[in-house]
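Commentary on secondary and tertiary structure
Each chain, letter by letter, is given below.
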Amino acid sequence: MKVRFLPDNITIEAEPGEPMLEVAARAGVLIPTGCLMGSCHACEVELDDETSICACISSIPGDRKEIAINLYDDPEW
């Protein structure tokens, strides 16, 4: 499936179930992390359906052909 990281519009192929942070790293996209357990929300991203998730504990969903992941820019992190 195609995974598109916004706002830089970087697209990469990924398999459903792959860890989101690994796919981002392979694409050269940095998603900031903190606790790596989903508690601190430093890695929070928004999917194209406006669902907010923590990338550190999420994988690429398998129910679509393409997904867009919008990275937040939080100056506090």
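Residues numbered from 1 in each chain as written. Predicted model: local features only at pLDDT ≥ 70, side-chain atom pairs only at ≥ 80, totals over all residues. Heavy atoms only, no water.

1. Thoughts on the overall build of the chain
Along the chain, the regular secondary structure elements total one helix and five strands. The C-alpha atoms of the chain give 11 Å as radius of gyration, which agrees with the globular expectation for 77 residues (11 Å, within 12%). Residue burial in the chain is summarised as follows: out of 77 residues, 35% are buried. Accessible surface computed for the chain: about 4,700 Å², of which carbon and sulfur atoms make up 49%. (Helix = DSSP H or I, 4+ residues; strand = E, 2+ residues; numbered from the N terminus. Rg over C-alpha atoms; globule rule 2.2 N^0.38 Å. Buried < 20%, exposed > 50% of the residue type's maximum accessible area, 1.4 Å probe, protein only. Areas by Shrake-Rupley, 256 points an atom, 1.4 Å probe, with all protein chains shown as cover.)

2. Examining the sheet that holds strand 4 (residues 52-54)
One open sheet accounts for five strands, arranged 2-1-5-3-4; its pairing is mixed. Edge strands, defined here as strands with exactly one partner in the open sheet, are strand 2 (10-13) and strand 4. The sheet shows a mean angle of 30° between the axes of neighbouring strands, direction not considered. The sheet contact formed by strand 1 (residues 2-6) and strand 5 (residues 66-71) spans five bridges and is parallel. From the neighbouring strand, Arg 4 faces strand 5, where its bridge partner is Ala 68. Most of the contacts of helix 1 (residues 20-27) go to strand 2, to which it runs at about 115°, and overall it touches strand 1, strand 2, strand 3 (44-47), strand 4 and strand 5. (Pairing = 2+ DSSP bridges. Axes fitted to C-alpha atoms, helices over the stretch in contact; angles between N-to-C directions. Contact = heavy atoms within 4.5 Å.)

3. With respect to the side chain of Glu 18
Following the sequence through the fold, Glu 18 ends up in the loop between strand 2 and helix 1. In contact with Glu 18, not counting residues within four places along its chain, are Val 23, Arg 26, Ser 59 and Ile 60.

4. Thoughts on the nonpolar core
Counting residues in each nonpolar core, the largest one holds 22 residues, and the members touching the most others are Val 3, Phe 5, Met 20, Ile 31, Val 45, Ile 60 and Ile 69. Contributions of two or more residues to this core are made by strand 1, helix 1, strand 3, strand 4 and strand 5. With four residues, helix 1 is the largest single contributor of residues to this core. Excluding residues that lie within four positions of it along the chain, Val 3 makes contacts with Ile 10, Thr 11, Ile 12, Ala 14, Ile 60, Ile 67 and Ile 69. (Core = buried A, V, L, I, M, F, W, Y, C linked by side-chain atoms within 4.5 Å.)

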